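Coordinate inspection notes
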Amino acid sequence: MEDVVNLFHGFAVVLQPFNLAVMVLGIVLGVIIGVLPGLGGANGIAILLPLTFSMSPTSAIIMLSCIYWGALFGGAITSVLFNIPGEPWSVATTFDGHPMAQQGRAGEALTAAFTSSFVGALFAVIVITLVAPLVALFALKFGPAEKFSVFFLAFCSFIGMGKEPPFKTLVSMMIGFALAAVGLDSVTGQLRLTFGFTDFLNGFDFLIAVIGLFGIGEILLTMEEGLAFKGKAVAINPRVVWQTWLELPRYWMTSLRSCLIGCWMGISPAGATPASFMSYGIAKRISKRGFNFGKGEIEGVVAPETAAHAAGTAALLPMLSLGVPGSPTAAVLLGGLLIWGLQPGPLLFVEQKDFVWGLIASMYIGNLVGLIIVLTMVPLFAAILRIPFSVIAPVILVICAIGAYTVHNSTFDVVMMLVFGIVGYVMKKCDYPLAPMVLAIVLGDKAEEAFRQSLLASQGHLAVFWSNGLVGSIMALGLISLFWPLIQGAWSRMRARPAS
Amino acid sequence: MSHALKAALLGAAVLSVSPVSAALAAWEPTRTVEIIVPAGPGGGADQMARVVQGIVTKHNLMKQAMVVINKAGAAGGEGFLDVKGSNANPHKLVITLSNLFTTPLATGIPFNWKDLTPVAMMALDEFVLWVNADKPYKSVKDYITAIKAKGPGEFKMGGTGSKQEDQIITVAIEKAANVKLTYIPFRGGGEVAVQLVGGHVDSTVNNPIEAVAQWRAGKVRPLCVFDGKPLPYTDKVTADMAWSDIPTCKSQGLDMEYVMLRGFFMPAGVTKDQVAFYVDLLQKVRETPEWKDLMKTGAFNQTFMIGDEYAKWVAAEEARHRDLMTAAGFLAGK
């Protein structure tokens, strides 16, 4: 009961005119940051952090967390319109969002993405409000073995979901793992696969690979189809938001499941990216229209967006209560907290009630304000597709190059982006799926690290992955989803036999 | 007193006495100054860089803006190579941690601190031996006895990075106490602290600032500090203990010391005037209440050095790291 009083006190703080103004500003900036690939929420917040030094800590965190919400919303825009994920967790959104845009349903896809984002965030905030202390305890249970099992589940729920032959999926995933291995091996502290080139020290950044594979690859494909001097004939339909909303409640199961996956991933803290992939993979498995995923299914937009936003929101909880950031953006926010003289940790909730509940209240209102802002812009965003490709392509190319440069401030990355673009084009022409490769690049090194940490701790015994109920059940889930097609096949044969 | 120090003090004196002539002579940044952090966001070096940035911005200590850029790739190698490649660029600073020595030694990347110009040592970061508060060991002696009782390699030490300061300390503990620990590397100090609270590792050597929140919440217990003398901060952090109440490891029979550099460097080839500007700037930063708060929260050792004294300290420290890492077998294979 005391928490509810605190929360309403928090609302009172947030609804002060100055804080509301800061909130709107933060969201608009965040959307812009999310749209620009490569800039990313973490960089964006780091750049804008100094702006907040003269504010009170509560106003400052409201502004920065709203930039974060804005970036989460904004990441979906370029994914749907141009097949360029502005943020890693938007990759899964491109799978169905972009085909929808190609069919002239961009407005629908964007509305579904934004609304799902809002639902996911709202769910996570409610979880934070109600069970914050319990959730923090749950996060403590995640050691290296538990973390590996989560990554294992993410990979398993994704294997065998494409239409492509399993062999091609495997090849694509292995290339991804190999690319993820380049750079410093964090367990031995030695360099791997750099061949003496200092440019390879960092390994291949996920964002650069994604901007190249998806963005540049897409432009090359479109160019091959001929440079048409006309845009897509999309009617600007201001009612698209309402029409989509009428359709969305049908996917409540997918939404709820994605919310749960998202919260779990955000707290554990594996982050928004595995959450979005896992949620998409599982939705495809379970949905009745799973066969149509990847061809423009609205459910394929709802699942990853809901999970990503729920995870992004839930990731703030371990940061506040344990001092461990669940995402790079949360890490920069953590730095901000220290500058404002606040110490994240178990005592923050006790000692800084105004601040914590102000932040939680700003999550409610900030997401609502963010939803309203982005939804009013849906027809506008959708209209971008009416611009002829020959005009928009150079603009996209420039934005991609700037994005790739921004990741590490290095021109070498721009070259890498172009190389990845050609790789992406060739792979698409040869029908190799890109998604498994991307998944392996983004999670490969983290999964490897967790695996080796677990084996170090267990002195080489694989039994560590079955050593307690938590890790054992996650591993079992992973194996079930890996062999699901076989299990399903066996099950239908068994049912068929008595009948015949 | 060294020449550089004298020159710097003289410069400061001139500045305060005759502003007109100083304005003509003194160098000032003409565009945005970058602080390169050779570590990820959220870590100790990153926090310090961002606090400096915050102080400079808030107190208007410099006309130009200051930005913090993380270049964490290859255990900080990315950041160091970037600064090495910015010869004579007076608008670039780099904040260092022990990876200034450990990264080139462990990975063999073409970099040495002599490729940089030392500016100022801002502080030394302390290391404390922490255990989970639920465990029965209350002293270093209990802890060592427990390790020996459990057998070699059964005790898990969590730390940040591989072949860096935390693992060097772990190896030194093994030598000093004649035990064998299993070292598990994690990505950041905060994560390490949480792994200890969750019981996934048995002990850590976190910096004070990384573990203080968990200590105040009663989740972890400090056993000893790896400095030559106890910490000077006497304000109570928990109900009954202050930083100064933690004994030194040496006094507990663990004969070893380790502190970590938190200092600023510039690229090679910058002029004396340019270095003097930043020395002066950083001295002003040290006078602000925000800086003093950070020192207190993180229980830093507030040693300040510039000029030749600083360069000599860094050279000695490099030699020490080379010895420690050679003994541990951490040098890059040829």
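Everything numeric here is computed off the predicted structure, so don't read it as measured data.

With respect to the sheet that holds strand E9 (residues 220–225) of chain B
Hydrogen bonds between backbone atoms are what pair the strands of a sheet, whose relative direction is either parallel or antiparallel. Spatial ordering of the open sheet is given by E7-E6-E8-E5-E9 (chain B), a layout of 5 strands whose pairing is mixed. Taken across any chain shown, the strands that pair with only one partner, and hence form the sheet edges, are strand E7 (182–186) and E9 of chain B. Judged from the 2 bridges that link them, strand E5 (residues 128–132) of chain B and strand E8 (residues 203–204) of chain B form a sheet pairing that is antiparallel. Its bridge partner lying in E8(B), B:Trp130 is registered against B:Thr204. In the packing of helix H21 (residues 435–458) of chain A onto the sheet, the strands contacted are strand E6 (156–160) and E7 of chain B, and the crossing angle to E7(B) comes to about 160 degrees. Lying on the sheet, helix H9 (residues 208–216) of chain B is in contact with E5 and E9 of chain B; it crosses E9(B) at an angle near 140 degrees.

A short note on unusual backbone geometry
Excluding glycine, residues mostly carry a negative phi; peptide bonds, for their part, are mostly trans. Residue and element names in this part refer to chain B. Phi angles above zero are rare outside glycine, and Asn-60 is one such case at about 55 degrees. Tracing the sequence through the fold places Asn-60 in the loop between helix H3 (44–58) and strand E2 (66–70). The class for Asn-60 is exposed, based on 7 C-beta atoms found within 10 Å.

Notes on the packing of helix H9 (residues 206–224) of chain A against helix H20 (residues 411–429) of chain A
All names here are of chain A. Viewed as axis vectors pointing N to C, H9 and H20 meet at an angle of 55 degrees, and their least axial separation amounts to 7 Å. Considering the angle they form, H9 stands oblique to H20. You can see that H9 and H20 cross each other, and the crossing is right-handed. The residues of H20 that touch H9, namely those facing Ile-208, Ala-209, Ile-211, Gly-212, Leu-213, Phe-214, Ile-216, Gly-217, Leu-220 and Leu-221, are Asp-413, Met-416, Met-417, Leu-418, Val-419, Phe-420, Gly-421, Val-423, Gly-424, Tyr-425 and Lys-428. Here the residues of the contact of H9 with H20 are counted per class, giving 15 nonpolar, 4 polar and 2 charged.

As for the pairing of E6(B)
Residues and elements named next belong to chain B. Extensive coverage of E6 is indicated by the burial of 5 of its 5 residues. Because side chains alternate across E6, one face comprises the buried residues Lys-156, Gly-158 and Thr-160, and the other comprises Met-157 and Gly-159, equally buried. The sheet contact formed by E6 and E7 spans 5 bridges and is parallel. Across the sheet, residue Met-157 finds its bridge partner in E7, namely Tyr-183. Crossover E6 to E7 through helix H7 (residues 165–177) is right-handed. Here 2 bridges tie E6 to E8, and the two strands are oriented parallel to one another. By the bridge assignment, Gly-158 is partnered in E8 with Thr-204.

Concerning the nonpolar core
Residues A:Leu110, A:Ile208, A:Ala314, A:Val438, A:Ile441, B:Ala120 and B:Tyr278 are the most contacted members of the largest nonpolar core, which totals 263 residues. Here this core gets 17 residues from one element, more than from any other, and that element is helix H4 (residues 57–82) of chain A. Each of domain 1 (3–125 + 260–328) and domain 2 (128–252) of chain B accounts for three or more of the residues forming this core. Every residue in contact with A:Ile208, bar those within four places of it in the chain, is listed here: A:Ala404, A:Val407, A:Asp413, A:Met416, A:Met417 and A:Phe420.

Examining the interface of chain B and chain A
Each side of the interface is counted separately: chain B has 45 residues, and chain A has 43 residues. Residue assignment for the side of chain B that touches chain A shows that the elements contributing at least two residues are H3, E2, helix H4 (77–84), helix H5 (99–107), E7, helix H8 (189–197) and H9 of chain B. Per-element accounting of the side of chain B that touches chain A gives the leading share, 8 residues, to H3(B). Of the residues in the side of chain B that touches chain A, the class split is 15 nonpolar, 19 polar and 11 charged.

Thoughts on the sheet that holds strand E4 (residues 116–125) of chain B
Residue and element names in this part refer to chain B. With mixed pairing, 6 strands are arranged side by side in an open sheet as E2-E1-E3-E10-E4-E11. Only two strands of the sheet have a single neighbouring strand rather than two, namely E2 and strand E11 (305–306). Taken together, the 2 bridges between E4 and E11 define a ladder with antiparallel strand orientation. Among the inter-strand pairings, Met-121 is bridged to a residue of E11, identified as Met-305. Set on the sheet, helix H10 (residues 272–287) makes contact with strand E3 (92–96), E4, strand E10 (260–267) and E11; between it and E4 the angle comes to about 15 degrees. Helix H12 (residues 307–328) rests against E4, E10 and E11 of the sheet, and its axis sits at about 75 degrees to E4.

Structural notes on the confidence of the model for chain B
Residue and element names in this part refer to chain B. Per-residue pLDDT for chain B has a mean of 88; in total, 91% of the residues score no lower than 70. The model gives residues 7–24 a pLDDT under 50, and that stretch makes 10 contacts with residues more than four places away or in other chains. Under the prediction, the complex receives an ipTM of 0.81, its pTM being 0.84.

Remarks on the environment of A:His408
Residues and elements named next belong to chain A. With respect to the helices and strands, the residue His-408 is situated in helix H19 (residues 389–408). Note: C-alpha distance between His-408 and Asp-205 (203 residues apart in sequence) is 9.0 Å. Every residue in contact with His-408, bar those within four places of it in the chain, is listed here: Asn-202, Asp-205 and Asp-413.

Overview of the pairing of E10(B)
All names here are of chain B. In terms of residue burial, E10 counts as a mostly covered element, since 8 of its 8 residues are buried. Summarising the sheet, E3 and E10 pair through 3 bridges and their orientation is antiparallel. When the sheet's bridge partners are listed, Ile-95 is paired in E10 with Phe-264. Direction of pairing for E4 relative to E10: antiparallel, over a ladder of 8 bridges. Its bridge partner being in E10, Leu-116 is matched across the sheet by Pro-267.

Describing helix H6 (residues 140–150) of chain B
All names here are of chain B. Listed as buried for H6 are Val-140, Tyr-143, Ile-144 and Ile-147. The buried residues of H6 occupy an angular sector of 95 degrees when the element is viewed end-on, so they sit on one face. At its buried positions, H6 is contacted by E5, H7 and E9. Count one or two residues on from H6 and you reach Gly-151, which has phi positive near 100 degrees.

Some thoughts on the domain arrangement of chain B
Residue and element names in this part refer to chain B. For chain B, the domain assignment lists domain 1 (3–125 + 260–328) and domain 2 (128–252). Each of domain 1 and domain 2 has a C-alpha centre, and the two are 28 Å apart. The partner domain 2 presents 19 residues to the 19 residues of domain 1 that form the contact. The class makeup of the residues in the side of domain 1 that touches domain 2 is 7 nonpolar, 10 polar and 2 charged.

What counts, and at which threshold
Residues numbered from 1 in each chain as written. Chains lettered and ligands numbered in written order. Predicted model: local features only at pLDDT ≥ 70, side-chain atom pairs only at ≥ 80, totals over all residues. Pairing = 2+ DSSP bridges. Helix = DSSP H or I, 4+ residues; strand = E, 2+ residues; numbered from the N terminus. Contact = placed C-beta atoms within 7 Å. Axes fitted to C-alpha atoms, helices over the stretch in contact; angles between N-to-C directions. Buried ≥ 20, exposed ≤ 12 C-beta atoms within 10 Å, placed from the backbone. Parallel < 35°, antiparallel > 145°, perpendicular 65-115°, else oblique. Left-handed = near helix turned anticlockwise from the far one by under 90°. Nonpolar A, V, L, I, M, F, W, Y, C, P; charged D, E, K, R; others polar. Right-handed = clockwise from strand over helix to strand, strands pointing away. Core = buried A, V, L, I, M, F, W, Y, C linked by C-beta atoms within 7 Å. Domains from an automatic or database assignment. pLDDT = per-residue confidence, 0-100. Arc of directions from axis to C-beta.

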